[in-house]
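# Structure assessment
Okay, here's what each chain looks like letter by letter:
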Amino acid sequence: MSITKTRKIAFNTIIKRKWGSGDESPYFEMAEIVKYVLTLGKKEKQFEMKDDKFCLLQTAKTEKVANGTVITGFFKSARHTFRPNLLDRTTGDERPSPKRLSEGDIEKTHFAIKIIVDEVFLVVEINGNGVSSNQIVEYFSVFTKKYLTSKQLPKNFTVKFFKMGRPDFLAEIKSMKRIKLAKIYFDKKLLGSSCLAFSNRTSNLQRDLELTVKADKGNDISETAIDFYNSFTDSIKTSVSKVRIEGKDSNGTEVALDTSFMEKLDSVNVSVNVTTGEVESTEILSALKAFTKDLK
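The following refers to the structure shown. (Residues numbered from 1 in each chain as written. Predicted model: local features only at pLDDT ≥ 70, side-chain atom pairs only at ≥ 80, totals over all residues. Heavy atoms only, no water.)

A few words on the overall build of the protein chain. Secondary structure assignment for the protein chain yields 7 helices and 15 strands. Expressed as a percentage of its 296 residues, the buried residues of the protein chain come to 42%. With the model as given, the accessible surface of the protein chain reaches about 17000 Å², and the carbon-plus-sulfur share is 49%. (Helix = DSSP H or I, 4+ residues; strand = E, 2+ residues; numbered from the N terminus. Buried < 20%, exposed > 50% of the residue type's maximum accessible area, 1.4 Å probe, protein only. Areas by Shrake-Rupley, 256 points an atom, 1.4 Å probe, with all protein chains shown as cover.)

Structural data, given as structure tokens:
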């Protein structure tokens, strides 16, 4: 009989924030950084984390899809300097561990990155013993600096991520501590409507146009965000296709809410290798890639 495990899935978006101006843009360079890391040796790819853990990007595959690029792969991580005795579940017997102090049990964390014309998404398997979304972004930030140094280029930005995928959009807006940015996306046909009366020559434009509203420093635009969401729910009349809100939640954590994720699943059942107890990489990577199809 096959064994399965349920893995929760975290949805994020990755941006870079320019030093000084604070300007933000999608981190489109992610594909180049992944490619660079894969050229390094095993030791060079390692990144030391807190609590005596280290990780490395084990593998990554890049594919072109209909609306962008998808990268799927996994990290390996382990806790070192920890070698307690082993305890046998069947007999209760105890014996010294054969591991060296520099070794640790491998944990795999699978991920998918999707890069489209105006966004970079990061979809991650939640493995409490592996690496988190935050640690993955920290890893790529460190290797971004190494990559730029190898090219004799300066690093003048910070790589950051926003959590995504909240199910109750309006409730999440109202619970946020401060909203600093709101974006609304609408169909380009609105330009030629009686509302704006622009030229109808829009064939060279992308389908969706974007309106961005930013709060003055330290201020909050929650009411505007709610108005944007109400426009989305009445999209038949307004031609609004998507709303995105950025700010801080009640804990002070930076959060991005996006209506694209309102109905997305956040877990998947995957088969387990009966010999090692690990989830099957091929299966979960396929599932993560499937999650990216509706990200646009």
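Moving on from the model shown.
Here the focus is the nonpolar core. Core analysis: the biggest nonpolar cluster contains 33 residues, and Phe75, Phe111, Ile113, Tyr139 and Phe140 have the highest contact counts within it. The set of elements that each furnish at least two residues to this core consists of α1 (30–38), β4 (53–65), β5 (68–79), β8 (107–116), β9 (119–125), α3 (133–150) and β10 (157–164). With 7 residues, α3 is the single largest residue contributor to this core. By size, the runner-up hydrophobic cluster in this structure holds 19 residues, among which are Phe162, Val279, Ile284 and Leu285. (Core = buried A, V, L, I, M, F, W, Y, C linked by side-chain atoms within 4.5 Å.)

Right, let's get into the side chain of His110. Structurally, the position occupied by His110 is in strand β8. The class of His110 is buried, set by a relative accessible area of 0%. A distance of 2.7 Å separates a polar atom in the side chain of His110 from a polar atom in the side chain of Glu125. Within the structure, His110 has its side chain in polar contact with the side chain of Ser281 (distance 2.7 Å). (Polar contact = N/O pair within 3.5 Å; in protein donor to acceptor, adjacent residues only side chain to side chain.)

With that settled, consider the environment of Asp52. For Asp52, the location among the structural elements is in the loop between β3 (47–48) and β4. The class of Asp52 is partly exposed, set by a relative accessible area of 39%. Measuring from C-alpha to C-alpha, the distance between Asp52 and Gly104 comes to 9.9 Å, with 52 residues separating the pair along the chain. Setting aside residues up to four positions removed in sequence, Asp52 forms contacts with Ala78, Arg79, His80 and Thr81. (Contact = heavy atoms within 4.5 Å.)

Once that is clear, we can look at α1. All of the buried residues in α1 are Met30, Ile33, Val34, Tyr36 and Val37. Along the axis of α1, the buried residues cluster in a sector spanning 160°; they form a single face. Residues of α1 that are buried in the fold lie against β1 (4–18), α2 (42–45), β4, β5, β8 and α3. (Arc of directions from axis to C-beta.)

The topology assignment puts Ser222 in helix α5 (residues 222–233). Judged by relative accessible area, Ser222 falls into the buried class, the value being 17%. The contacts of Ser222, once residues within four sequence positions are left out, are Ile173 and Ile179.

Mapping Ile126 onto the fold places it in the loop between β9 and α3. Residue Ile126 is classed as partly exposed on the basis of its relative accessible area of 44%. A C-alpha to C-alpha distance of 7.4 Å links Ile126 and Thr109, two positions 17 residues apart in sequence. Each residue touching Ile126, except ones within four places of it in the same chain, is listed here: Arg7, Lys8, Ile9 and Ala10.

Quick look at the packing of aromatic side chains now. Across all of its chains, the model carries 10 aromatic pairs by this definition. Between Phe11 and Phe291, the ring centres sit 5.6 Å apart and the planes meet at 85°, which makes this aromatic pair edge-to-face. Here Phe11 is found in strand β1, whereas its partner Phe291 is found in helix α7 (residues 281–292), with 280 residues between them in sequence. When sorted by exposure, Phe11 lands in the same class as Phe291, which is buried. One aromatic cluster is present, built from ring pairs that chain together Phe47, Phe75, Phe111, Tyr139, Phe140 and Phe143. The ring of Phe157 has Lys16 sitting right over it, with the charged end atom 4.9 Å from the ring centre. Sitting over the ring of Tyr185, Lys242 keeps its end group 4.6 Å from the ring centre. (Phe/Tyr/Trp six-rings, centres within 6.5 Å; stacked < 30°, edge-to-face > 60°. Lys NZ or Arg CZ within 6 Å of the ring centre and 35° of its normal.)

In short, geometric facts, not functional conclusions.
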